[in-house]
Each structure stands twice: as C-alpha cells, then as structure tokens.
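So the chains spell out like this:
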Amino acid sequence: MRRYAFVGTGSRAQMYLSALLGPYADVGRPVAFCDTNEVRMAYYDRFVRLPHFGAEQYDEVLKLADVVVVTSPDHTHAGYVGRALRHGVAAIVEKPMTIDVAGVREIREALDSGTAELTVTFNYRYSPRNSLVKELIPQIGEVTSVSFEWCLDTVHGADYFRRWHRDKSASGGLLVHKSTHHFDLVNWWLDDVPEVVFARGGLRFYGAENARRRGLGPRPEHDQMDGDPFGIDLAADDRLRELYRDAEHLDGYIRDRDVFSDGITIEDNLNVVVGYRRGASMSYSLHAHCPWEGYRVAINGTAGRIELEVVERAHVEAGGAAVRIGAATASAVLDPAAEDDGSVGPEGGPRMRGSRLLLQRHWEPARLIPVPEGAGGHGGGDAMLLRDVFRGPAEDPLCRAAGFEAGAASVLTGIAGNESLRTGRAVHLEELDLTG
C-alpha cells in the first residue's frame, strides 16, 4: 500500500483522489492534502479526512508519503516535483511538467540524484482514437508532414483567460499549458524529437484592448453579467463555488475574472511550424475563441495519409454563462473532452459530436476506420491512464506511459515557441540551455 499526498487541491485533484478511494483502494491510500488555501483543502474532506498542510510545510508532507500527486499551478510543478524526487518520493505530475528551461533542469537534476520515479500524465495518449492513429501510422509509410488544428470554443477557451492561466509567468501561455498535450501526441505518434520551432501569434480576441476596439462597452471586473456568454457564474456550480469563490478571502485568487479585462499576457491565436529530427515537419494552430471545440489532424506519409477529425462540442448556446465542472446541472461543462455535456449538434446538422478517422493509402480508396469510445473523460482515456498510474504500466506495445523525456520534449517545444514569439525567429531546441 503506497501512501499518496495531494499537492494542489483545485478541481483537477479529484480525478486522482476518487481513483484511490475507489478502484485503486487496494494499492494505495491518500495521507495528506497540501495547498496554499485551507478552504480548498477542506472541500476534499467530504471525500476523506486527511491532515492539511500549507505550502510552507511541504517537507513535512514528504515525510508521510511514498508518492506525491502534483496538480498545483504549472509554475510550481518543478519545485514540488524536484523536492519530492530528492527526498526519494515518487511524483505524478499533470502536464505540463514545468513551464521553463530552469524547471526542466531542476527536475532532471533531481531525477539524476536519486532513484524515485516520475510520471507525467498525458491522458490524450490513452484516448482510443489517438491510440488508433498510433497503430495505423505504419500503414502510411514514413511520415513526411503533419497538419494539426486545435479549436477551443467560447466556453472552454475563454476559461483560460479568466483564471491564473492568463498570466504567462504562471502558465507558460497556451503553447505550454495546453499545446503540451498536442506536441506530445505528435512526438509519440512519430516516435521522434522536435528540433526547431517557429511561431507567430498574439492576443487578438480576448483582453481589454480588443474589447474596446470592438466596442463591447463597460464590463465588470469579475462575475457574470446577465446573459453574458463570456462570463461564468461560480454560484451556479457547487464545486466551483466551494473551491474558488468561497476561498477568495484567504489568498485573493479570483477564479472568475472578466476575459475582456486588463492583465492578460497570453495569446489566444497561435500558429507554429515544428521541424523534427528525422525530417518530418508539422504545421500547428490553436485558436481559443471558436464556435465549436475539437481538432483536426492530417498525417502524410510516403504510402498514404491519415485524417482524424474530433468534435468535442458541436456548438455553444448563446444564452447565459452558467457552466459546470462536475455533475451539477447547468448549461455546459467547461471541458467537453473531460465530460460529455450532451452537445451533439442539431439533428442532421453538418457538425455532430464524435470522431471520424480516415485511412487512405496510395492508389486505394479512403477507408473509414471505426473509432471505439469508452466511458468517461477523453473517450475512456482517463480510466486507462489511471490504471497505469496506480497499478504500473502493463505491457503496452504503444508505450503510452510517459516520464521525464516525454514531458521535457513536449514542454521544450512550447518554450521554444514562446521564444520564437518573443524574438521573431526560428528557435533550435539545442539553443535552450539545459546545462545550467
């Protein structure tokens, strides 16, 4: 029975805690909560009562645990993970592994100094549709290029611009916080390593200056206006209210800032070209204010092409802004990949929730490949990820379990992209000084 401590008790921690209290109770038990905010830790007492520790007491937490589950804000990952590994405590960390070169260096040095293990949780690898793409790639020969477009809608995409993610020093921007998922998928699909990155992008939709330019008029600093499709009503969801609104007085963290306010330092439109070591290239784009949510991928090879289109939410209603992250009834879930909100699109309409996967080899007609969908978040991928996290990776020809190397390769792609945005030039990953 391994002892698990939870570092960061925001909404993401619940998936791991519920797993330990449910299907994986035979292999581990939770022993401590650690957070900067007592109210957020108290929320989880309803599931299991554990000792509470402030962030300044983290070394005491490490004395109690065999494993730490790190679901704190991105810029804190390296510190928590590095200290755990140096104490001989294994770490499970949410993507991104860290947000900057110093963090990558700190984690690598901590791993080299001991024997504790690191797991980076890339749940998109486990999504059945993405696993199926990995299986199909040998049928199209040597991969020459990838086209990858990610659309975040005006519920989920907007959410990054009201919470701590809006501050690039805390999240690394969407190229690190969000695109790490996508960069890792391509690295894993191709079994290759990024070599050079060129990026263009900016804050072109959200933020105060864009609001003024489009004549949106006065807006509240936070909380929603009646009928505002870009607001969020924390009171409409018990979990959001208890984790964030009721906790504001302790640390001043405001979960529901207006997406058209000042202080946003991340981009909402991004275009990236990535060159890989073995010669393939990728054109990648992310847009955070789309009318639908999902992604399109095309992989070209010397023997054919794979096309995947995934619609995670077909449209967003124009009404009020009540949303949910749990099971409370409201208009829409924040992240439709993590939980189905029932949005399937108008009956018979051109855009419907679901996946469409095509394989077409040279001189053959295209074939529609059936995509299995499991229950739960990410098409059943979350459940498979949790199995590997808590029971250890089973024999897996797809090698979906990820550690430091995968975590570093994906985040360094985003870091190089941010440097390219800053300098206006292509950035070779070898330029990023990992030697200290």
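Coordinates for the structure precede this section.
In short, a report on the structure. (Residues numbered from 1 in each chain as written. Predicted model: local features only at pLDDT ≥ 70, side-chain atom pairs only at ≥ 80, totals over all residues. Heavy atoms only, no water.)

## Observations regarding the packing of aromatic side chains
Each pair of aromatic rings is reported with the distance of its centres and the angle of its planes.
Then, number 1: Across all of its chains, the model carries 24 aromatic pairs by this definition.
Then, number 2: A ring pair is formed by Tyr-124 and Trp-150, whose centres lie 5.3 Å apart and whose planes are at 85 degrees; its orientation type is edge-to-face. Of this pair, Tyr-124 sits in the loop between β6 (118-121) and α6 (128-136) while Trp-150 sits in strand β7 (residues 143-153); the two residues are 26 residues apart in sequence, bridging distant segments of the chain.
Then, number 3: Overall, the relative accessible area of 0% leaves Trp-150 in the buried class.
Then, number 4: Arranged with centres 5.9 Å apart and planes meeting at 40 degrees, the rings of Tyr-206 and Phe-260 form a pair that is tilted. Placement of the pair is Tyr-206 in the loop between β8 (194-202) and α11 (208-213) and Phe-260 in the loop between α13 (248-251) and β9 (269-276), with a sequence separation of 54 residues. With respect to burial, Tyr-206 and Phe-260 carry one shared label: buried.
Then, number 5: Three or more aromatic residues joined by ring pairs form one cluster here, namely Tyr-124, Phe-148, Trp-150, Phe-183, Trp-189, Tyr-284 and Tyr-295.
Then, number 6: In this structure, Arg-214 is placed above the aromatic ring of Phe-205, and the distance from its NZ or CZ to the ring centre is 4.4 Å.
Then, number 7: In this structure, Arg-255 packs its charged tip against the face of Tyr-244, placed 5.5 Å from the ring centre. (Phe/Tyr/Trp six-rings, centres within 6.5 Å; stacked < 30°, edge-to-face > 60°. Helix = DSSP H or I, 4+ residues; strand = E, 2+ residues; numbered from the N terminus. Buried < 20%, exposed > 50% of the residue type's maximum accessible area, 1.4 Å probe, protein only. Lys NZ or Arg CZ within 6 Å of the ring centre and 35° of its normal.)

## A few points about the packing of helix α10 (residues 179-190) against helix α15 (residues 404-423)
Then, number 1: It is at 8 Å that the axes of α10 and α15 come closest, and there the two elements cross at 120 degrees. On the basis of the axis angle, α10 is oblique to α15. Crossing hand, α10 versus α15: right-handed. Along the contact surface, α10 presents Thr-180, Phe-183, Asp-184 and Asn-187, while α15 presents Ala-406, Ala-409, Ser-410, Val-411, Thr-413 and Gly-414.
Then, number 2: Classifying every residue of the contact of α10 with α15 by side-chain character gives four nonpolar, five polar and one charged. (Axes fitted to C-alpha atoms, helices over the stretch in contact; angles between N-to-C directions. Parallel < 35°, antiparallel > 145°, perpendicular 65-115°, else oblique. Left-handed = near helix turned anticlockwise from the far one by under 90°. Contact = heavy atoms within 4.5 Å. Nonpolar A, V, L, I, M, F, W, Y, C, P; charged D, E, K, R; others polar.)

## Observations regarding the side chain of Asp-153
Then, number 1: Positionally, Asp-153 belongs in strand β7.
Then, number 2: A distance of 2.8 Å separates a polar side-chain atom of Asp-153 from the backbone nitrogen of His-156.
Then, number 3: Only 2.7 Å separates the side chain of Asp-153 from the side chain of Arg-313, close enough to count as a polar contact.
Then, number 4: Other than its neighbours up to four places away in sequence, Asp-153 contacts Ala-158, Tyr-206, Ala-288, Cys-290, Pro-291, Trp-292, Glu-293, Arg-313 and Val-316. (Polar contact = N/O pair within 3.5 Å; in protein donor to acceptor, adjacent residues only side chain to side chain.)

## Concerning the packing of helix α5 (residues 101-112) against α15
Then, number 1: Where α5 meets α15, the axes come as close as 10 Å, and the angle between the chain directions of the two elements is 165 degrees. Considering their axes alone, α5 and α15 lie roughly antiparallel with respect to each other. As α5 runs across α15, the sense of the crossing is left-handed. Residue-level inspection shows Val-101, Val-104, Ile-107, Arg-108 and Leu-111 of α5 in contact with α15, the latter providing Phe-404, Ala-408, Val-411, Leu-412 and Ile-415.
Then, number 2: For the contact of α5 with α15, the class distribution of residues is nine nonpolar, no polar and one charged.

## Some words on the state of the cysteines
Then, number 1: Counted by the stated rule, this structure contains zero disulfides.
Then, number 2: Free cysteine: Cys-290, not disulfide-bonded; nearest cysteine sulfur from Cys-151 at 3.8 Å.
Then, number 3: Using a relative accessible area of 11% as the deciding quantity, one classes Cys-290 as buried. (Disulfide = S-S within 2.5 Å.)

## Side note on the sheet that holds strand β2 (residues 28-34)
Then, number 1: Pairing is parallel in the open sheet, where six strands are placed in the order β3-β2-β1-β4-β5-β6. Of all the strands in the sheet, just β3 (52-53) and β6 have a single pairing partner and so form its edges.
Then, number 2: Bridge count between strand β4 (residues 67-70) and strand β5 (residues 90-94): four bridges; the pairing is parallel. Bridge pairing in β5 links Val-69 to Ile-92.
Then, number 3: The strands that helix α1 (residues 13-21) touches are β1 (2-7), β2, β4, β5 and β6; relative to β2, the one it contacts most, it runs at about 145 degrees. (Pairing = 2+ DSSP bridges.)

## What to know about the nonpolar core
Within soluble globular proteins, side chains that are nonpolar generally end up buried alongside one another.
Then, number 1: With 96 residues, the main nonpolar core has Val-68, Phe-148, Trp-189, Tyr-206 and Ile-299 as its most contacted residues.
Then, number 2: When residues no more than four places from it in sequence are discounted, the contact partners of Tyr-206 are Asp-153, Thr-154, Gly-157, Ala-158, Phe-161, Phe-230, Val-259, Phe-260, Ile-264, Asp-268, Ala-288 and His-289.
Then, number 3: By size, the runner-up hydrophobic cluster in this structure holds 33 residues, among which are Phe-33, Tyr-43, Val-67 and Tyr-253. (Core = buried A, V, L, I, M, F, W, Y, C linked by side-chain atoms within 4.5 Å.)

## Some details on the sheet that holds strand β15 (residues 354-361)
Then, number 1: Judged by pairing direction, the sheet is mixed, and its nine strands sit side by side in the order β16-β15-β12-β11-β7-β10-β9-β8-β17 without closing on themselves. At either margin of the open sheet sits one strand with a lone partner, and together these are β16 (367-369) and β17 (427-428).
Then, number 2: Pairing geometry for β8 and β17, over two bridges, is antiparallel. By the bridge assignment for β17, Val-196 is matched with His-428.
Then, number 3: Packed on one face of the sheet, α10 meets β7, β8, β9, β10 (281-290) and β11 (293-301) and runs near 155 degrees to β7.

## Quick notes on the pattern of salt bridges
Then, number 1: Evaluated as defined, the whole model comprises 29 salt bridges.
Then, number 2: Arg-162 is the salt-bridge partner of Asp-159, the closest N and O atoms lying 2.6 Å from each other. Arg-162 matches Asp-159 in its accessibility class, with the two residues each being buried.
Then, number 3: One network of salt bridges, in which partners are shared, links Arg-46, Asp-238, Arg-241, Glu-242 and Asp-246. (Salt bridge = Lys/Arg side-chain N within 4 Å of Asp/Glu carboxyl O.)

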